[in-house]
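The primary structure of each chain is shown beneath.
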Amino acid sequence: MKPVTERDIRASFVNCTKGESQRLAVPRDLDARPWDDLDFLGWQDPASTERAYLVTESGDGFVGIALRRAAPRAGQVRRGMCSLCLTTHPGDGVTLMTARKAGKEGQQGNSVGAYFCADLACSLYLRGKKDAGPGGRFHESLPLDLLIERTAGNLAAFLGRVTG
């Protein structure tokens, strides 16, 4: 992913108002992000564990979506699988995230959801830059470029559901 600026981030959101995009918390460490290893930028709002954001390249620009994280369920010890990168995590490592749909459907309260890595570090798990723990990544015979392509396709499908 090419580096993104705060201005790019705020202008990219498709499922919230301009006012909401101006108020959301943008990561302060954009210069320190490993851009060559990222397929998208994902982060949690430091002021609320319920809010997360995702920005990715699309065409000539960026597309951003605001996400709402489901509340963790007490006592849940089973593993969950991220629908983007297919990494598994125990307990709260995978969480349901919902996005208000863009446009008129979103204004009517419609949303879509999927299970994602709670920290939105899918790109780093795929590349082995972040450890998901024992059993977190299944051994696959696909080369890295095809794993990345599959994850990008899964993300594009989710974005299509948000914007479509």
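Each remark here, short or long, concerns the structure printed above.
Conventions we followed
- Residues numbered from 1 in each chain as written.
- Predicted model: local features only at pLDDT ≥ 70, side-chain atom pairs only at ≥ 80, totals over all residues.
- Heavy atoms only, no water.
- Helix = DSSP H or I, 4+ residues; strand = E, 2+ residues; numbered from the N terminus.
- Rg over C-alpha atoms; globule rule 2.2 N^0.38 Å.
- Buried < 20%, exposed > 50% of the residue type's maximum accessible area, 1.4 Å probe, protein only.
- Areas by Shrake-Rupley, 256 points an atom, 1.4 Å probe, with all protein chains shown as cover.
- Lys, Arg positive; Asp, Glu negative; His and termini not counted.
- Charge placed at Lys NZ, Arg CZ, Asp CG, Glu CD.
- Salt bridge = Lys/Arg side-chain N within 4 Å of Asp/Glu carboxyl O.

Colleague: I'm lost on the overall build of the protein chain in this one. Help?
Modeller: The helix and strand tally for the protein chain stands at five helices and seven strands. Listed N to C, the secondary structure of the protein chain is α-α-β-β-β-β-β-β-α-β-α-α in terms of helices and strands. Relative to a compact globule of 164 residues, whose C-alpha radius of gyration would be 15 Å, the protein chain shows 15 Å and is just as compact. A total of 164 residues make up the protein chain; the buried ones form 45% of that total. For the protein chain, the accessible surface area stands at approximately 9,100 Å², while carbon and sulfur atoms represent 51% of it. The protein chain carries 22 positive and 19 negative side-chain charges, and their two centres are separated by 7 Å.

Colleague: Just to check I follow, could you spell out the pattern of salt bridges for this structure?
Modeller: Side chains that carry opposite charge are capable of pairing whenever their charged atoms lie near each other. Taken as a whole, this structure holds eleven salt bridges when the rule is applied. Across the salt bridge formed by glutamate 20 and arginine 100, the nearest N and O atoms sit 3.0 Å from each other. In this pair, glutamate 20 sits in helix H2 (residues 18-23) while arginine 100 sits in strand S6 (residues 94-100), placing the two residues 80 residues apart along the sequence. Judged by relative accessible area, which is 29%, glutamate 20 ranks as partly exposed. The salt bridge partner of lysine 101 is glutamate 105, with a shortest N-O separation of 3.3 Å. In this structure lysine 101 comes out as buried when scored by relative accessible area, which is 13%.

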